[in-house]
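# Commentary on secondary and tertiary structure
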Amino acid sequence: GDSLCRQLVAGELDLALLFREHLPPALEAVPLLSTPLMLVVHRDLARNTECKSPLDLLSDLPVVHVSGEWMNPALDAYVSAGLTARKRLTVESPIWALEAVRLKLGAAIVCSLALPEDMSDLKTYPLTPALPPRNIVLASAPGNPHSAESLRFKRFILETWIKK
């Protein structure tokens, strides 16, 4: 997030895939896709909890909190507002959060794109509309020259990810 933005502005990077929430006004962005946030719970913990809504689970289970550049400010505010159970563990990536859930240390909120192929021991709950989806953009700094490889990559991303 922040370090990629600094490198783009400094001309050290031509392009970066970022969450729109991390994008400073100095950068240009092409929207690529939107990914919903999901509550992920170990199946054993989900069975032991009556669930009227996914947010009910957050009030009953410890939260595996993803911090740092991966974090969504709105979600960070929600977790720190005291609406969730005691924060048990803070990690710096969605991958580590999912591993903590697999160890039954609590529930985590991650983008649907971060979900692993093997979900046999995990249960997911969509959090929209309670929490907005994450928006992924292709970012660049206006005025910075792009290498031929970067231009090819940009063309590939735009042709592959943007539905016409």
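Structure: above.
Residues numbered from 1 in each chain as written. Predicted model: local features only at pLDDT ≥ 70, side-chain atom pairs only at ≥ 80, totals over all residues. Heavy atoms only, no water.

### Remarks on helix α5 (residues 94–102)
Stated formally: Residue exposure (1.4 Å probe, protein chains only): buried if accessible area is under 20% of the type maximum, exposed if over 50%, otherwise partly exposed. Runs of E in the DSSP output that reach at least two residues are strands. Runs of H or I that reach at least four are helices, and both are numbered from the N terminus. Directions drawn from the helix axis to the C-beta atoms are what define this arc. Residues adjacent in sequence count toward polar contacts only when both atoms are side-chain atoms; beyond that, a polar contact is any pair of N or O atoms within 3.5 Å, and within protein one must be able to donate a hydrogen and the other to accept it.
Listing the buried residues of α5 in full gives Pro 94, Ala 97, Leu 98, Ala 100 and Val 101. One side of α5 holds all its buried residues, which, seen down the axis, span an arc of 155 degrees. Of the residues in α5, the exposed ones pointing more than 90 degrees away from the buried face are Ile 95 and Trp 96. The distance from a side-chain oxygen at the start of α5 to the backbone nitrogen of Ile 95 is 3.2 Å, and the residue carrying that oxygen is Ser 93. Where α5 terminates, the next one or two residues include Lys 104, which has phi positive at roughly 65 degrees.

### Some words on the environment of Pro 25
For Pro 25, the location among the structural elements is in the loop between β1 (16–19) and β2 (28–35). Of the residues examined, Pro 25 reaches a relative accessible area of 83% and is grouped as exposed. Separated by 116 residues in the primary sequence, Pro 25 and Ala 141 have C-alpha atoms spaced 9.9 Å apart.

### A short note on a nonpolar patch on the surface
Basically, it comes down to this: Patches in this entry comprise residues that are over 30% relatively accessible and not in a salt bridge; like charges within 9 Å are linked, as are nonpolar side chains (Val, Leu, Ile, Met, Phe, Trp, Tyr) within 5 Å. Methods summary: accessible areas were calculated by the Shrake-Rupley approach with a probe of 1.4 Å, and residue burial reflects only the protein chains presented. Here, a salt bridge means any Lys or Arg side-chain nitrogen found within 4 Å of an Asp or Glu carboxyl oxygen.
On the surface, Leu 17, Phe 153, Phe 156 and Trp 161 cluster together to form a nonpolar patch covering roughly 360 Å² of accessible area. The greatest single-element share of the nonpolar patch, amounting to 3 residues, is contributed by helix α6 (residues 148–161). Tracing the backbone shows Phe 153 in helix α6. Judged by its relative accessible area of 36%, Phe 153 falls in the partly exposed class.

### Brief notes about the sheet that holds β1
Formally: DSSP calls a pair of strands paired once it identifies at least 2 bridges connecting them. The angle between two axes is taken between their N-to-C directions and runs from 0 to 180 degrees, where each axis is a line fitted to C-alpha atoms and a helix contributes only its stretch in contact. Any two residues having at least one pair of non-hydrogen atoms within 4.5 Å are treated as being in contact.
One open sheet accounts for 3 strands, arranged β1-β8-β2; its pairing is antiparallel. In this open sheet, the two strands that pair with only one neighbour each are β1 and β2. For this sheet, the mean inter-axis angle between neighbouring strands, taken without regard to orientation, is 30 degrees. Sheet topology note: the β2/strand β8 (residues 134–140) ladder contains 7 bridges and is antiparallel. Opposite Pro 31, over in β8, you have Val 137 as the bridge partner. Together, β1 and β8 form the strand contacts of helix α1 (residues 2–9), whose direction differs from that of β1 by roughly 135 degrees. In the packing of α6 onto the sheet, the strands contacted are β1, β2 and β8, and the crossing angle to β2 comes to about 35 degrees.

### What to know about the nonpolar core
Which entries qualify depends on this criterion: We call a set of buried Ala, Val, Leu, Ile, Met, Phe, Trp, Tyr and Cys residues a nonpolar core when their side-chain atoms join them within 4.5 Å.
By size, the foremost hydrophobic cluster in this structure holds 17 residues, and its most contacted members are Leu 39, Val 41, Leu 57, Leu 61, Ile 109 and Tyr 125. Among the nonpolar cores identified, the runner-up in size contains 12 residues, and Val 40, Val 66, Val 91 and Ala 97 belong to it.

### With respect to the pattern of salt bridges
Evaluated as defined, the whole model comprises 3 salt bridges. Across the pair Arg 102 and Glu 99 runs a salt bridge, and its minimum N-O distance is 3.8 Å. One end of the pair, Arg 102, and the other, Glu 99, are both in helix α5, 3 residues apart, so they sit about a helical turn from each other. Each of the salt bridges in this network shares a partner with another, and the network as a whole consists of Glu 99, Arg 102 and Asp 121.

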